[in-house]
Amino acid sequence: MNLDEARKRIDSAVTQYGQHAAPAIDLVMSEVRSDMGAGAFNELVEEFDLELMYGIAPMESGYSSS
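Residues numbered from 1 in each chain as written. Predicted model: local features only at pLDDT ≥ 70, side-chain atom pairs only at ≥ 80, totals over all residues. Heavy atoms only, no water.

J.: Explain the packing of helix α2 (residues 22-36) against helix α3 (residues 38-47) here, please?
T.: Any two packed helices are characterised by the angle at which their axes cross and by the distance between the axes. Here α2 crosses α3 at 145°, and the two axes come no closer than 7 Å. On α3, the residues that touch M29, V32, R33 and M36 of α2 are A38, A40, F41, L44 and V45. (Axes fitted to C-alpha atoms, helices over the stretch in contact; angles between N-to-C directions. Helix = DSSP H or I, 4+ residues; strand = E, 2+ residues; numbered from the N terminus. Contact = heavy atoms within 4.5 Å.)

The following block contains the structure:
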């Protein structure tokens, strides 16, 4: 999967399921995380406002802020 394909799939899920799209988006995001890593995952979370809309939070970075 690439970012364009992920964007299309997320957009399609939002169009098809509206506020109930979280399970479908979660599947896409799992593939993104597996195929492209945390950077791509976090980019999509921010781009589609997934945390606010669907409770899908960005992944933790590789370092601790404490």
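J.: Looking at this structure, how should I read the environment of G18?
T.: For G18, the position within the fold is in the loop between α1 (3-17) and α2. Placed 35 residues apart in sequence, G18 and M53 show a C-alpha to C-alpha distance of 9.9 Å. Setting aside anything within four residues of it in sequence, one finds G18 in contact with A13 and Y54.

J.: In this structure, what is going on with the environment of I56? I would like to understand it.
T.: When you line up the elements, I56 lands in the segment after α4 (50-54). Look at I56 and you get buried, because its relative accessible area is 9%. Residue contacts for I56: discarding those within four places in its chain leaves A22, I25, D26, F41, V45, L50 and E51. (Buried < 20%, exposed > 50% of the residue type's maximum accessible area, 1.4 Å probe, protein only.)

J.: Would you mind showing me how to read the pattern of salt bridges here?
T.: If the charged atoms of two oppositely charged side chains come close together, the side chains can form a pair. Taken as a whole, this structure holds four salt bridges when the rule is applied. When the shortest N-O distance is used, the salt bridge between R7 and D4 registers 3.6 Å. Of this pair, R7 and D4 are both found in helix α1, three residues apart, which corresponds to roughly one turn of the helix. We classify D4 as partly exposed; its relative accessible area is 49%. Salt-bridge contacts for E47 lead to R7; the nearest nitrogen and oxygen are separated by 2.9 Å. Of this pair, E47 sits in helix α3 while R7 sits in helix α1, placing them 40 residues apart in sequence. We classify E47 as partly exposed; its relative accessible area is 42%. (Salt bridge = Lys/Arg side-chain N within 4 Å of Asp/Glu carboxyl O.)

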